[in-house]
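Results of the structural survey
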Amino acid sequence: MATPLELDPEFPCSLTIDLPLPTARLASAALQALRVDNELSPLVRRSFSTVASNSNTPASPEETVLRTEYKATTNRMLRVAVNGFMESISVVLGIMEELDVDVLDVEAEKK
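What you are looking at is a predicted structure, and each value in this text was computed from that prediction instead of being measured. (Residues numbered from 1 in each chain as written. Predicted model: local features only at pLDDT ≥ 70, side-chain atom pairs only at ≥ 80, totals over all residues. Heavy atoms only, no water.)

**Some words on the overall build of the chain**
Helix and strand content of the chain: 3 helices and 4 strands. Walking the chain from its N terminus toward its C terminus, one meets helices and strands in the order β-β-α-β-β-α-α. The burial tally for the chain puts 32% of its 111 residues in the buried class. For the chain, the proportion of contacts with a sequence separation of at least 24, taken over those separated by at least 6, is 62%. (Helix = DSSP H or I, 4+ residues; strand = E, 2+ residues; numbered from the N terminus. Buried < 20%, exposed > 50% of the residue type's maximum accessible area, 1.4 Å probe, protein only. Contact = heavy atoms within 4.5 Å.)

Following this line, the structure appears as structure tokens:
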């Protein structure tokens, strides 16, 4: 899900990407894996956080959604940065799918 961020005159182009994951542990692991790489361009700002899903019950507010917020000086810079993020998140999710026990458990429950 993508939603607009608060407007910043220096970085007028913005995007928020919410990626729901099966567990809070996986959301935290994805955040830690992605956080180590700094944004390459000074024309782009990025921040990561985990947030509770809207579908979580108030008694169980687990932060299972990885939220990535981007701000950029131009739409082109935003697009380039988000394309790089999509490649990185694809690698992280692929590794989780192949190696993580929690993901395997969720897949087994679906079958």
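Okay, back to it.
**Observations concerning the nonpolar core**
In summary, soluble globular proteins display a tendency toward joint burial of nonpolar side chains. Ranked by size, the top nonpolar core spans 21 residues in total, and within it Leu34, Leu66, Tyr70 and Phe85 carry the most contacts. Those elements that place two or more of their residues in this core are strand 2 (13-20), helix 1 (24-35), strand 3 (44-51), strand 4 (65-72) and helix 2 (75-99). The greatest single-element share of this core, amounting to 8 residues, is contributed by helix 2. (Core = buried A, V, L, I, M, F, W, Y, C linked by side-chain atoms within 4.5 Å.)

**What to know about the pairing of strand 4**
Sheet topology places strand 2 next to strand 4; 8 bridges connect them, and they run antiparallel. Pairing of Thr16 across the sheet is with Glu69, part of strand 4. Taken together, the 8 bridges between strand 3 and strand 4 define a ladder with antiparallel strand orientation. Across the sheet, residue Val44 finds its bridge partner in strand 4, namely Ala72. (Pairing = 2+ DSSP bridges.)

**Description of the packing of aromatic side chains**
Applying the stated criterion across every chain yields a total of 2 aromatic pairs. With a centroid separation of 6.2 Å and an interplanar angle of 35°, the aromatic rings of Phe48 and Phe85 are classed as tilted. Residue Phe48 is found in strand 3, and its partner Phe85 is found in helix 2; the two are separated by 37 residues along the sequence. Pair check on accessibility: Phe48 and Phe85 agree, each one buried. Here Tyr70 and Phe85 contribute two aromatic rings whose centre-to-centre distance is 6.0 Å and whose plane-to-plane angle is 70°, an arrangement assigned as edge-to-face. Taken as a pair, Tyr70 in strand 4 and Phe85 in helix 2 lie far apart in primary sequence, 15 residues in all. An aromatic cluster is present here, built from Phe48, Tyr70 and Phe85 joined pairwise through their rings. (Phe/Tyr/Trp six-rings, centres within 6.5 Å; stacked < 30°, edge-to-face > 60°.)

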